[in-house]
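Residue strings, one per chain:
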Amino acid sequence: MKIVDAKVIVCCPGRNFVTLKIVTEDGVSGLGDATLNGRELAVASYLSDHVIPLLLGRDARRIEDTWQYLYKGAYWRRGPVTMTAIGAVDTALWDIRGKTLNTPVYQLLGGRSRESVLVYGHANGTDIEETVAAVARYVKLGYQAVRAQCGIPGLPSAYGVGRGQLSYEPAEKGLAPENVWSSERYLHVVPGLFARLRGEFGDDLHLLHDAHHRLTPIEAARLGKALEPHHLFWLEDPVPAEWQEGFRVIRQHTTTPLAVGEVFDTIYDCHTLIQEQLIDYIRTTVVHAGGISHLRKIASLAELHHVRTGSHGATDLSPICMAAALHFDLSVHNFGIQEYMRHTDETDRVFPHHYTFEAGVMYPGEAPGLGVELDETLAAQYPYERAYLPTNRRLDGTVHSW
Ligand code: EZ4
Ligand code: CO
């Protein structure tokens, strides 16, 4: 089953998405998400200029061999651009395999380990009361788990506080905006937010929070300790993620569960965290961490060390990645929770899909392959528009992690 064609489609139905489409000699096609927010065209070029020429003529059934060939064959290993490109190829090949065998991808991954996939939504507000109202809206929609973020008095903007109610989109058209940050002010506000949320919603609702890589280990330890009475499902990205050792300090001080991984691109970014049980949830994604094949290896290592999965699922991951994540989530034994931010209607029209949401959980659907299509005619009406994620500076002007 030879690959006879492959192309990259870049479109912007509200935000930019990069998609790889691979076609076999039998006329079966598969899709892979290749979106790297703010650096989209680098992956598009990596695929078109360097990967697609290597795919033509290869057997589409050799998913693992193709992964190893692209990873080891580049000589220059890892990194978000390379791993996103490999992830797109891997995802598209699983899609093709499912379509060829007329079965949903999760059946190829060992079948269902559970009936459905628990997801969490994003509630945010400019202050605590607005965030409480936003969480209430999610509860009304049936969500069993909600991530809560709120504005910080004295700061003009805060991570996670968006414009709409059900979607949060941090990338801005044009050049990168600058946010202002103060860890001190942030640490004053967050424990009060969760005390208020527990008072309002009781103990059963799963509450999550994202510190978005901004604290030092000791600040994160203090926050984790302060949040213990409110028993979060997890505290996400407490410190800059590439610094695996930083988690040892946090772990010594708090029992608040820790999650990390949305910026990781291989198992080599997280093996210490997993093997030393410094985290509770590994949040690597299909699109950025080398596809379904590599994510399964990370999940298997995590399973040995009591770490569960928690796939990143922001709107900058296309519906193709969302579908792939749901097939993965349904199949792996040590799944924890899946992030779910609704895409805009425009995006959903460009990427018609079979996955569904109901009562706080999702289902990948029973369509063969991943169950997502790309309407190329409609996509062509939304050409690429340059956009960047924000940057961040502390009150005194020093550059800080965004
Ligand atoms: O900031 O996906 O948990 N989710 C997140 C996201 C990330 C964006 C970056 O493009 O942290 O909102
Ligand atoms: Co995050």
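Residues numbered from 1 in each chain as written. Chains lettered and ligands numbered in written order. Predicted model: local features only at pLDDT ≥ 70, side-chain atom pairs only at ≥ 80, totals over all residues. Heavy atoms only, no water.

### So, the packing of aromatic side chains
Here is step 1: Under the criterion given, the structure shown has 12 aromatic pairs.
Here is step 2: A centroid spacing of 5.0 Å and a plane angle of 45° characterise the contact between Trp181 and Tyr186, whose relative ring orientation is tilted.
Here is step 3: Ring pairing ties together the aromatic residues Tyr120, Phe233, Trp234 and Tyr281, which thus form one cluster.
Here is step 4: Sitting over the face of the ring of Trp181, Arg214 holds its NZ or CZ atom 4.6 Å from the ring centroid. (Phe/Tyr/Trp six-rings, centres within 6.5 Å; stacked < 30°, edge-to-face > 60°. Lys NZ or Arg CZ within 6 Å of the ring centre and 35° of its normal.)

### Brief notes about the sheet that holds strand β3 (residues 29-33)
Backbone hydrogen bonds hold the strands of a sheet together, and the pairing may be parallel or antiparallel.
Here is step 1: Taking strand neighbours across the sheet as the criterion, the 3 strands line up as β1-β2-β3 in an open arrangement whose pairing is antiparallel. The open sheet has two edge strands, β1 (3-11) and β3, and neither has a second partner. When the angles between neighbouring strand axes are averaged without regard to direction, this sheet yields 20°.
Here is step 2: Bridge analysis of β1 against strand β2 (residues 17-24) gives 8 bridges, and the strand direction is antiparallel. When the sheet's bridge partners are listed, Asp5 is paired in β2 with Val23. (Pairing = 2+ DSSP bridges. Helix = DSSP H or I, 4+ residues; strand = E, 2+ residues; numbered from the N terminus. Axes fitted to C-alpha atoms, helices over the stretch in contact; angles between N-to-C directions.)

### Brief notes about the site of ligand 1
Here is step 1: In the vicinity of ligand 1, 15 residues are found, and the nearest of them are Tyr159, His212, Glu236, Glu262 and Asp316.
Here is step 2: At 2.7 Å from an oxygen atom of ligand 1 is found a side-chain nitrogen or oxygen belonging to Glu262.
Here is step 3: Between ligand 1 and the protein, one listed contact pairs an oxygen atom with a side-chain N or O atom of Asp316 at 2.4 Å.
Here is step 4: Relative to its unbound accessible surface of 320 Å², ligand 1 loses 95% to contact with the protein.
Here is step 5: The cavity that encloses ligand 1 is the largest pocket. (Near = heavy atom within 4 Å. Polar contact = N/O pair within 3.5 Å; in protein donor to acceptor, adjacent residues only side chain to side chain. Areas by Shrake-Rupley, 256 points an atom, 1.4 Å probe, with all protein chains shown as cover. 1 Å grid on protein atoms, 1.4 Å probe; cavity = no way out; pocket = protein on both sides within 12 Å on 5 of 7 lines; lining within 4 Å. Sits in = over half its atoms within 2 Å of the grid points.)

### Quick look at the sheet that holds strand β17 (residues 391-394)
Here is step 1: Here 3 strands make up an open sheet; going across it, the order is β7-β17-β18 and the pairing mixed. The sheet is open, and its two borders are formed by β7 (178-181) and β18 (399-400), each paired with just one other strand.
Here is step 2: Bridging between β7 and β17 involves 4 bridges; their strand directions are parallel. Within β17, the position partnered with Trp181 by the bridge is Arg394.

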